[in-house]
Amino acid sequence: MPTDKDRQPVNLDLFVGRDPLEPERQVLGPGAVLLREYAAERDGTLLAALDQVLQAVPLRRMSTPGGRPMSVATASCGTLGWVTDRRGYRYQGSDPASGRPWPPMPEAFAQLAADAAAEAGYPSFRPDSCLINRYAPGARMGLHQDRDERDMSHPIVSVSLGVPAVFLFGGLRRNERPQRVRLLHGDVVIWGGASRLRFHGVAPLKAACHPRLGRYRINLTLRRAG
Ligand code: SIN
Ligand code: FE2
């Protein structure tokens, strides 16, 4: 029998394990859902595909239009890749660092995104872009909207791998206080429809160690950009 002591709340930001009381599927808003551990059983395939992509295209810290280096290291695959520099945020078909096309999107990424989107109520989603963001301890993502894509009827599919993070899921206006959602290895968040333009970000990553990814968190953001 659990004692009262066992039931004391844990500091969720530091606790690396899963809370067995958390539901497998959690609605975060209209058209927005967290599927806990959805990607976990394919993680070997995903990580092998990720290694291949990262052999072809290096992670780098890009600068915001204001000239500040982002704290996350970034790369893309797919027909379009997301980039930022002095000229602004945009998608383009080639890597600005090499001038070459981005590596193709691994089928394992595209299939996972399609499956998760269908599970969340978006049955015809096929991504053409995957942004890979690597967070080291302390790296964060400020609140922003994803609005560089051409057609907002497609959802965003976001896959968390590695050490836990706190995802900040805000409202349609920047000043709405965001929900804090703990994301662990294998968790997938999908947001679209009435939630497609909600502000979101990631709190500074706490130091932790993941058996497969060491001190890092990797986020795959799969989108239909073009
Ligand atoms: C993003 O919004 O680009 C990344 C979100 C995340 O890392 O979970
Ligand atoms: Fe985003």
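Just so it is clear, the model here is predicted, and its values are computed rather than measured. Within any chain, residue numbers begin from 1 and follow the written order of that chain's sequence. Ligands are numbered from 1 and chains lettered from A, in the order in which they are written. Reporting in this predicted model follows two pLDDT cut-offs: at least 70 for local features of residues, and 80 or more for side-chain atom pairs to be given and counted; totals over whole chains, interfaces and linings ignore these cut-offs and use all residues. Computation of side-chain values: all heavy atoms of the structure, hydrogens and water removed.

Novice: Quick one: what's the story with the site of ligand 1, residue by residue and with numbers?
Specialist: We define proximity as follows: a residue is near a molecule or strand when any one of its heavy atoms falls within 4 Å of that partner. Every residue near ligand 1 is listed here: Asn-133, Tyr-135, Met-141, His-144, Ser-158, Phe-167, His-200, Val-202, Arg-217, Asn-219 and Arg-223. In this structure, His-144 approaches ligand 1 through a side-chain N or O atom, which is 3.1 Å from an oxygen atom. Note that an oxygen atom of ligand 1 is positioned 3.0 Å from one of the side-chain N or O atoms of His-200. The accessible surface values rely on the Shrake-Rupley method and a 1.4 Å probe; as for residues, cover is taken only from the protein chains in view. Taken by itself ligand 1 offers 260 Å² of open surface, and the protein chains cover 98% of this. Under a 2 Å grid-point criterion requiring more than half of the atoms, the pocket assigned to ligand 1 is the largest pocket. The helix and strand labels rest on DSSP assignments: H or I over at least four residues marks a helix, E over at least two residues marks a strand, and numbering proceeds from the N terminus. Contributing elements (two or more residues each) for the shell around ligand 1: strand E6 (129–135), strand E7 (141–144), strand E12 (200–202) and strand E13 (217–223). Here a polar contact means two N or O atoms within 3.5 Å. Within protein one must be a hydrogen donor candidate and the other an acceptor candidate, and residues neighboring in sequence count only if both atoms are side-chain atoms. The rule is simple: put a 1 Å grid over the protein atoms alone, call a set of points where a 1.4 Å probe fits but cannot get out a cavity, call an open set with protein on both sides within 12 Å along at least five of seven lines a pocket, and count a residue as lining if it has an atom within 4 Å of a point. More than half of a molecule's atoms lying within 2 Å of a cavity's or pocket's grid points is what places that molecule inside it.

Novice: Run through the sheet that holds E12, naming residues and quoting values.
Specialist: DSSP calls a pair of strands paired once it identifies at least 2 bridges connecting them. Across the sheet, which stays open at both edges, the four strands sit in the order E7-E12-E9-E10 with antiparallel pairing between neighbours. Edge positions in the open sheet fall to E7 and strand E10 (179–183), since each of these has one partner strand only. For this sheet, the mean inter-axis angle between neighbouring strands, taken without regard to orientation, is 20°. Relative to E12, strand E9 (residues 165–169) is paired through three bridges, and the arrangement is antiparallel. In the strand pairing of E12, Phe-167 is matched with Val-202. The angle between two axes is taken between their N-to-C directions and runs from 0 to 180 degrees, where each axis is a line fitted to C-alpha atoms and a helix contributes only its stretch in contact.

Novice: Describe the packing of aromatic side chains, and please don't skip the residues or the numbers.
Specialist: For any pair of aromatic rings, geometry is given as the distance between the ring centres together with the angle between the planes. Within 6.5 Å between ring centres, the rings of Phe, Tyr and Trp (the latter by its six-membered ring) count as paired, and their orientation is classed by plane angle as stacked under 30 degrees, edge-to-face over 60, tilted in between. If you walk through the whole model with that rule in mind, you get four aromatic pairs. Taken together, a centroid distance of 5.5 Å and an interplanar angle of 20° make the contact between Trp-82 and Tyr-89 stacked. Relative accessibility decides the category of a residue: with a 1.4 Å probe and only protein chains considered, values under 20% of the type maximum give buried, values over 50% give exposed, and everything between is partly exposed. Classification of Trp-82 by relative accessible area gives buried; the value is 11%. Exposure remark for Tyr-89: the relative accessible area of 45% places this residue in the partly exposed category. Three or more aromatic residues joined by ring pairs form one cluster here, namely Phe-167, Phe-169 and Trp-191. When the NZ atom of lysine or the CZ atom of arginine is within 6 Å of a ring's centre and also within 35 degrees of its normal, the charge is said to sit over that ring. Lying over the aromatic face of Tyr-216, Arg-134 brings its terminal NZ or CZ to 4.3 Å of the ring centre. It is Arg-217 that lies over the ring of Tyr-135; its NZ or CZ is 5.0 Å from the centre.

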